[in-house]
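# Structure at a glance
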Amino acid sequence: MPIPHPNITPIPNNEPDAVPGLWNVRYEEIDQNFKNIDDRTSANEQELSGARGGKASIGARLTEMSEQLNQMSPEFQDVLAAMAAMALDQAGVANHSVKALRRHIQQEGEITLRNRGVVAGCTCVKSTTATRNLNLAGGQVFMNGRMYRAPDATNAASVPPNTGSGNVTVRAYLYFHSGSQTMRLAVTNIGEELPTGAIHLYNITIPPNSTDATDPQLTNVTLTSVRRVEASYPRTINNPVAHAVAIEALSKADYRLDVDVVSFSGGHCSPDQVLVSSRATNGFTLELASEVDNVVLRWRVSKLNN
Amino acid sequence: MPSIYNRDSLRANVEAATGGKITVLYTAKGQPSYMHVVSAFNADDVEPGLAAGLHPMFMTNGQAKTERFIGAYPGVVRNGELISLPGEDPAASANFDTFLAQARANGPGWGLMTNMDWSGLGLWCRKNGFVPRGNTNYGKSSDAPWETGVRGDGGLPGNTSGIARTQAGSGPTSWRHDNTHAGIADLVGNVWEWSPGLRLVDGEIQVIADNNAASSTIDLSAASSEWRAIDGATGALVTPGSANTVKIASSGTAAYTLVASSGGAFQSMTNPGTTPVAEAALKVLKLHGIYPVGADLGGDGIWFTLDGERVPYRGGVWNYGERAGVFAVNLYYARSNVNASIGARPAFSL
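Per chain, residue numbering runs from 1 following the sequence as it is written. The naming scheme follows written order: chains are lettered A onward, ligands numbered 1 onward. Where totals are concerned, whole chains, interfaces and linings use all residues; where local detail is concerned, this predicted model gives features only for residues with pLDDT of at least 70, and gives and counts side-chain atom pairs only at 80 or more. Each side-chain value is worked out from all heavy atoms of the structure, with water and hydrogens disregarded.

As named in an unreviewed UniProt entry, chain B is Sulfatase-modifying factor enzyme domain-containing protein, taken from Oceanimonas pelagia.

Laid out in structure tokens, this is it:
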């Protein structure tokens, strides 16, 4: 950077000597040059001081920088990369362990057991007095952990026609009729599922082209009983409701199995009324030794040494 | 698949302890109720010549029952349900309709122990040769004063102050209907028990057929069309207010009118009408427990009023002495009556 006045202006030689106005102009130019030099020198000193970075000299600072550069060498970066890879590996192992804990070593689930059936009677026959109807022979059933009466009923439910080209199956079931406080018979429509509060009695197979006109007495319709009969309900259960639960396969079947009774309908159900009737590495079967219904069970399998 | 035993330990223990005579039924809310299982019996077998076939206690809406479940203990109210539990202070101080609703809240098939139940059990006890005693003298038996129960009010036996109800089943086996620890407790004395299926309307005896009053859906209101009077000549159940129906009175000789002294012995009821109630009708009345089957019913009392509807309670109360008993019947008050001495007992059948 040049000083403001590299050449001091010559005094003109056509002026008389000792004219102050002529000399002062030169002095001012010289002062400005000095100030400029001072400012620049001060700036250089500040820059040098900053560059030392607290070190005693620029050389010390350069030495420090050199050492730092040496630390970013390819070898050092390799070390860093190796460390990062190892950390990721360890995280992967941890994730795998968590996954194994949740999917294998400790497994949980929830099931619902419907415990319903017939104590006595409740058989159906085809009506001979009404078109495509069923008669119900009365009896007793159980549901919601208690017994209900199902009175005799003639022409109690009608069987739907099948105008299609293949067999269809519908279901005969009992439901609770609140007005009479008893159970009544009904038949599902084609393609319809059993309602929630149903006791399934029969599967009804209807052949094609079975209508009021072609088969009014249900001659070609087949009733197949699926009644679950528990004649000694509630004391003895001959065909206990069972539920097979599949689990992620474990190394052996000696796992711990805990069952918690979450809720139920009826009188009394405790975990000791839920029996484990079989167990395998990939599942187990629970049986209900109780009269209650709508039993929600929470199960947990654990095998920490899997 | 092998059979498995229901591991309900409460029911199993109760049944094991009582030989199956008491079981535990669970209500709609899952509450246990201790119920004595009364096996069906024939009317002729408990009172020869009374009627052929099953005692109507076991006939409801034309359905024969092989058993009837009667609360082993007087009812208590828990969570809005009338249930039978041992050792509890019996429920009281509610009117007929309230107790009926609480019993029916237990679920389908539940109701109150009916008048027909009382009648049938009374005949069974008499035939069995043992008529139970109970809390008839402030916590002890008036007939056997050494027999006591635990008073719910903390009073001592015989202390005539306080509410002297005894805790259900706390008395001896002689306070149970069959003189065993598995019998129905506290039928006699302690608290009156509302007994649907019988009533007086302006002196006319009205009943509900068989044990239909046990149905959990039948209309037992004052205006119900189920009520029937009894034809004095034939015993047929007829429309109330019909001619020649059986009535009750305190005196006189009116046709088809039975005479008794309110507050007197039930067995002293007479049939003095100029046209007396025919034998066929008397049998119907006996089945409904409103005419004595003999002169051996002890001092069991009868009370009545001849105006308006009067709904019965049975068994007597803690201070009625000899007037309390399985044949005692009180037709003095309306269904709205509320008293600390009036309770009810749950019953069940399918």
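Alright, that's what it looks like, and here's the rest.
### Quick word on the overall build of chain A
Segments assigned H or I by DSSP are reported as helices when at least four residues long, segments assigned E as strands when at least two residues long, and all are numbered from the N terminus. Summing up its helical and strand segments, chain A has three helices and 17 strands in all. Taken against the 2.2 N^0.38 rule, which gives 19 Å for 306 residues, the C-alpha radius of gyration of chain A at 49 Å runs more than 25% over that of a compact globule. For chain A, the C-alpha atoms occupy an extent of roughly 155 × 50 × 40 Å along the three principal directions. Note on contacts: a residue pair qualifies if any of its non-hydrogen atoms lie within 4.5 Å across the two residues. A sequence separation of at least 24 residues applies to 65% of the contacts in chain A between residues at least 6 apart. Summed over its atoms, the accessible surface of chain A is roughly 17300 Å², and 52% of this surface lies on carbon and sulfur atoms. Both charge centroids of chain A, one from 26 positive and one from 30 negative side chains, sit 20 Å from each other. Values of the radius of gyration come from C-alpha atoms, whereas the globule rule sets the reference at 2.2 Å times the count of residues to the power 0.38. All accessibility values rest on the Shrake-Rupley procedure with a 1.4 Å probe; residue burial counts only the protein chains present in the view. Neither His nor the chain ends contribute to the count of charged residues, in which Lys and Arg are positive and Asp and Glu negative. In plain terms, the charge of a residue is placed at NZ if it is Lys, CZ if Arg, CG if Asp and CD if Glu.

### Topic: the packing of aromatic side chains
All names here are of chain B. Aromatic contacts are taken between Phe, Tyr and Trp rings whose centres are within 6.5 Å, Trp giving its six-membered ring; a plane angle under 30 degrees counts as stacked, one over 60 as edge-to-face, and the others as tilted. Taken as a whole, this structure holds 16 aromatic pairs over all chains when the rule is applied. Ring centres of Phe96 and Trp194 lie 5.7 Å apart, and the angle between their planes is 75°; on these two criteria the pair is classed as edge-to-face. One end of the pair, Phe96, is in helix H3 (residues 96–104); the other, Trp194, is in strand E10 (residues 192–194), and 98 residues separate them in sequence. The pair Phe96 / Trp194 is uniform in exposure class, with both members buried. Each ring, one from Tyr332 and one from Tyr333, has its centre 5.1 Å from the other, and the planes form 65°; the classification is edge-to-face. Relative accessible area serves as the criterion here: at 37%, Tyr332 is assigned to the partly exposed category. Each residue gets one of three labels from its accessible area relative to the maximum for its type: buried under 20%, exposed over 50%, partly exposed in between, using a 1.4 Å probe on protein chains only. What makes Tyr333 partly exposed here is its relative accessible area of 36%. Taken together, the ring pairs in this structure connect Phe96, Trp192, Trp194, Trp303, Tyr313, Tyr320, Tyr332 and Tyr333 into an aromatic cluster.

### Looking at the pattern of salt bridges
In the sections that follow, a salt bridge refers to a side-chain nitrogen of Lys or Arg positioned within 4 Å of a carboxyl oxygen of Asp or Glu. For the structure shown, the criterion picks out 26 salt bridges over all chains. Between Asp293 of chain A and Arg116 of chain A there is a salt bridge, and its shortest N-O distance comes to 2.7 Å. Taken together, the positions of Asp293 of chain A in strand E17 (residues 293–302) and Arg116 of chain A in the loop between strand E1 (106–113) and strand E2 (117–121) put the pair 177 residues apart, joining distant regions of the chain. By the burial criterion, Asp293 of chain A is buried, and Arg116 of chain A matches it. The partner of Glu322 of chain B in a salt bridge is Arg323 of chain B, with the nearest N and O atoms 3.6 Å apart. The class of Glu322 of chain B is partly exposed, set by a relative accessible area of 49%. Given a relative accessible area of 22%, Arg323 of chain B falls into the partly exposed group. Through salt bridges with shared partners, a single ionic network connects Asp97, Arg199, Glu309 and Arg335 of chain B.

### Digging into the side chain of Ser341 of chain B
Residue and element names in this part refer to chain B. Within the element layout of this structure, Ser341 appears in the loop between strand E21 (325–331) and strand E22 (342–343). Judged by its relative accessible area of 12%, Ser341 falls in the buried class. In protein, a polar contact means a hydrogen-donor-capable atom and an acceptor-capable atom, both N or O and within 3.5 Å, with residues adjacent in sequence counting only if both atoms are side-chain atoms; elsewhere, any N or O pair within 3.5 Å suffices. Engagement of the side chain of Ser341 in a polar contact is seen with the side chain of Asn339, the distance being 2.8 Å. Not counting residues within four places of it along the chain, the set of residues in contact with Ser341 comprises Val191, Trp192, Val317 and Trp318.

### Observations concerning empty space enclosed by the protein
Rolling a probe over the atoms, with the probe sized like a water molecule, indicates the empty space that remains. All names here are of chain B. A cavity here means a set of 1 Å grid points, computed over protein atoms only, where a 1.4 Å probe fits but cannot escape. A pocket is an open set with protein on both sides within 12 Å along at least 5 of 7 lines, and lining residues have an atom within 4 Å of a point. Grid points are joined across faces, edges and corners, and a volume is the space filled by probe spheres set on the points. Enumeration over the complete set of coordinates arrives at two cavities of 30 Å³ or more. Counted as a void, the largest cavity has a volume near 70 Å³. Around the largest cavity, the lining residues are Trp118, Ser119, Leu123, Phe266, Lys286, Gly289, Tyr291, Pro292, Val293, Arg314, Val326 and Phe327. Looking at the lining of the largest cavity, the elements that each hand over two or more residues are helix H4 (115–128) and E21. The element that contributes the greatest number of residues to the lining of the largest cavity is H4, accounting for three residues. Polar here means any residue other than Ala, Val, Leu, Ile, Met, Phe, Trp, Tyr, Cys and Pro, which are nonpolar, and Asp, Glu, Lys and Arg, which are charged; Gly is therefore polar. Considering only residue class, the lining of the largest cavity consists of eight nonpolar, two polar and two charged.

### Some remarks on the nonpolar core
Nonpolar cores are built from buried Ala, Val, Leu, Ile, Met, Phe, Trp, Tyr and Cys residues. Side-chain atoms within 4.5 Å join them into one set. Counting 46 residues, the largest nonpolar core has Ile205, Leu258, Leu285 and Ile302 of chain B as the members making the most contacts within it. For this core, the element with the highest residue contribution is helix H5 (residues 279–287) of chain B, accounting for five residues.

### Looking at the environment of Pro56 of chain B
All names here are of chain B. Structurally, Pro56 is set in the loop between helix H2 (43–46) and strand E4 (59–60). Each C-alpha atom of the pair Pro56 and His288 lies 9.0 Å from the other, and the pair is 232 residues apart in sequence. Among all residues touching Pro56, those that are not within four sequence positions of it are Met116, Asp210, Asn211 and Leu287.

### Section: the pairing of strand E2 (residues 22–26) of chain B
Residue and element names in this part refer to chain B. The buried count for E2 comes to five of five residues, which makes it a mostly enclosed element. In E2, alternate side chains face the same way, and those of Ile22, Val24 and Tyr26 on one face and Thr23 and Leu25 on the other are all buried. Note on pairing: DSSP must find at least two bridges between two strands before they are called paired. Of the pairings in the sheet, the one linking E2 to strand E3 (residues 32–39) comprises five bridges and is antiparallel in character. When the sheet's bridge partners are listed, Leu25 is paired in E3 with Ser33. Taken together, E2 and the strand that follows it, E3, pair antiparallel across an intervening segment of five residues, in which Gly30 is found at a positive phi of about 80°.

### Let's talk about the confidence of the model for chain B
Confidence scores per residue from the predictor, reported as pLDDT, run from 0 to 100. Averaged over all residues, the pLDDT of chain B is 97; the fraction at 70 or higher stands at 99%. Both scores are given for the predicted complex: the pTM is 0.83, the ipTM 0.86.

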